[in-house]
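Structure at a glance
Spelled out, the chains give:
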Amino acid sequence: MKDLDEGEKMQFGLIGANIPYSFSPQIHQIIFRLLDVDATYRLIQIPKSEIVKAKGIVQQMDGVNVTIPYKQTLLRLCDEISTEAGVIGAVNTIHFENGKLYGYNTDYYGFGCMMRAVGHTSDNPPDTCVVLGCGGASLAVIKYLKDIGSKRILAVSRTGAKPFPVPVITYEDLKNLQGDILINATPVGTSPKVNECPVCEEIIKKFHTALDLIYNPDPTMFLKKAQKFGLKTCSGLIMLVGQAVKSEEIWLRQTISESVLKAVYMEMKSLV
């Protein structure tokens, strides 16, 4: 992190294109309070036409998170990237230190929190997994599913087959599938278009578990439909908290206990 003058606060933030709805400032302020860290966290909204300014902004900060649509774009600005970020091909966390930008993907760890919440670990991996969407978040999900031993992983795209780490099918193909876990890694259903759902009920009810990386609203229409058919569900709030805690570990260079993660999640759960 940067050298600070006495009394100067550390500065962190979230870079994205359309992020006024983000809960990230609240989450990080809770973490700062629990860890007794003097720091600020703000939203940094950058239009796509001005993304070239991002590197200069990051260099003025102690660290930033990155969200849609820049997770893959900002990876190319980093001087060094973590193993997960390299395999996934996207970053959501950047640390500026000694004149260099270091990129990480803590979505990977956050998604692990979601999987544990519904009982899936390397000891009990889901067999057939379907991931809606082919963006940066999907890549983190797929990497994690592979690492815990899931046997069959498919991604779904409206444009059909494309170069991707797993087979890509269309939404029309999806109508003929059933499986263990259905994961929404698209922005469909997020605020303000909260009544939208990425797939129909006929598809949802063919799965045992539904996860939605969206955290606002909680639950989404997708999860409400899944609950209607008795599926296990989990919203993206726990993933958001998990990836935020992992980001703080990187920025602050310290291990943060599971008890802090749980405390942050419960406090955020009471606010949404």
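Placed above this text is the structure.
No experiment lies behind these values; they were computed from the predicted model shown. (Residues numbered from 1 in each chain as written. Predicted model: local features only at pLDDT ≥ 70, side-chain atom pairs only at ≥ 80, totals over all residues. Heavy atoms only, no water.)

Some words on the sheet that holds strand β2 (residues 39–45)
Spatial ordering of the open sheet is given by β2-β1-β3-β5-β6-β4, a layout of six strands whose pairing is mixed. On the outer flanks of this sheet lie β2 and β4 (80–81), each paired with one strand and no other. Here strand β5 (residues 93–97) runs beside strand β6 (residues 100–104); their pairing, made up of five bridges, is antiparallel. Opposite His95, over in β6, you have Tyr102 as the bridge partner. Across the sheet, helix α1 (residues 24–35) is in contact with β1 (10–16), β2 and β3 (63–66); its angle to β2 comes to roughly 170 degrees. In this fold helix α9 (residues 237–252) packs onto β1, β2, β3, β5 and β6, with an angle of close to 10 degrees to the strand it touches most, β5. (Pairing = 2+ DSSP bridges. Helix = DSSP H or I, 4+ residues; strand = E, 2+ residues; numbered from the N terminus. Contact = heavy atoms within 4.5 Å. Axes fitted to C-alpha atoms, helices over the stretch in contact; angles between N-to-C directions.)

As for the packing of α1 against α9
As a packed pair, α1 and α9 sit with axes 10 Å apart at the nearest point and diverge in direction by 55 degrees. Relative to α9, the element α1 lies oblique. Relative to α9, α1 is oriented so that their crossing is right-handed. Listed contacts from α9 to Ser24, Ile27, His28, Ile31, Phe32 and Leu35 of α1 are Leu240, Val241, Ala244, Val245, Glu248, Trp251 and Leu252. (Parallel < 35°, antiparallel > 145°, perpendicular 65-115°, else oblique. Left-handed = near helix turned anticlockwise from the far one by under 90°.)

Some remarks on the environment of Cys234
On the secondary structure map, Cys234 appears in strand β12 (residues 232–234). Remark: the alpha-carbon pair of Cys234 and Tyr215, spanning 19 residues in sequence, is separated by 9.6 Å. Sequence-distant contacts of Cys234, defined by excluding residues within four places in its chain, comprise Met114, Ala117, Val118, Ala210, Leu211, Asp212 and Leu223.

Concerning the environment of Leu240
Counting through the fold element by element, Leu240 comes out in helix α9. Separated by 25 residues in sequence, Leu240 and Tyr265 have C-alpha atoms that sit 9.0 Å apart. Ignoring any residue separated from it by four or fewer positions in sequence, one finds Leu240 in contact with Phe23, Ser24, Ile27 and Tyr215.

Some remarks on the pairing of β1
On any regular strand, side chains alternate: one points to one face of the sheet, the next to the other face. Where burial is concerned, most of β1 is hidden: six out of the seven residues are buried. Pairing of β1 with β2, which is carried by seven bridges, proceeds in the parallel orientation. Along β2, the bridge assignment pairs Gln11 with Thr40. One crossover worth recording links β1 to the parallel β2 by way of α1, and it is right-handed. (Buried < 20%, exposed > 50% of the residue type's maximum accessible area, 1.4 Å probe, protein only. Right-handed = clockwise from strand over helix to strand, strands pointing away.)

Details of α1
With 12 residues, α1 extends 16 Å between its outermost C-alpha atoms, agreeing within 8% with the 16 Å of an ideal straight helix rising 1.5 Å per residue. Count one or two residues on from α1 and you reach Asp36, which has phi positive near 60 degrees. (Expected span 1.5 Å × (residues − 1).)

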